[in-house]
Amino acid sequence: MNQAARTRNYDDELHERRRHLAVVREPVDFQAERLKRLQEEVRDTRDP
């Protein structure tokens, strides 16, 4: 006997979207971002 194909529901879609977002996002290094912005500000004020 063939089994019926399982129907996808909202929870399946939600799980897939969450899994995709978890894979795509990279961790943000706030300290490196802050340092980069400070260096840009210093460069802008040093060489107007």
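About the criteria used
Residues numbered from 1 in each chain as written. Predicted model: local features only at pLDDT ≥ 70, side-chain atom pairs only at ≥ 80, totals over all residues. Heavy atoms only, no water. Helix = DSSP H or I, 4+ residues; strand = E, 2+ residues; numbered from the N terminus. Polar contact = N/O pair within 3.5 Å; in protein donor to acceptor, adjacent residues only side chain to side chain. Salt bridge = Lys/Arg side-chain N within 4 Å of Asp/Glu carboxyl O. Buried < 20%, exposed > 50% of the residue type's maximum accessible area, 1.4 Å probe, protein only. Contact = heavy atoms within 4.5 Å.

Student: How would you summarise the environment of D12 if you had to cite specific residues and measurements?
Tutor: Here D12 shows up in helix α1 (residues 10-24). Distance in space between the C-alpha atoms of D12 and A22 is 15 Å, their sequence separation being 10 residues. A polar atom in the side chain of D12 sits 3.1 Å from the side chain of R6.

Student: Tell me what's going on with the pattern of salt bridges, and back it up with residues and numbers.
Tutor: In this structure the tally under the stated criterion is four salt bridges. The salt bridge partner of R6 is D12, with a shortest N-O separation of 3.1 Å. Residue R6 is classed as exposed on the basis of its relative accessible area of 65%. Residue E16 pairs with R19 through a salt bridge whose shortest N-O separation is 2.8 Å. Of this pair, E16 and R19 both sit in helix α1, three residues apart, which is roughly one turn of that helix. Accessibility expressed as a relative area gives 30% for E16, which makes it partly exposed.

Student: Talk me through the environment of A32; I want residue IDs and the actual numbers.
Tutor: Inspection of the secondary structure puts A32 in helix α2 (residues 30-46). Under the relative-accessibility criterion, A32 is labelled partly exposed at 39%. Linking A32 and N9, residues 23 residues apart in sequence, is a C-alpha distance of 41 Å.

Student: Please give an account of the environment of R8 that cites residues and values.
Tutor: The topology assignment puts R8 in the segment before α1. Between the alpha carbons of R8 and E41 there is a distance of 51 Å; along the sequence they are 33 residues apart. Leaving out residues up to four positions away in the same chain, R8 has contacts with E13 and E16. Among the polar contacts listed, one links the side chain of R8 to the side chain of E13, at a separation of 3.1 Å.

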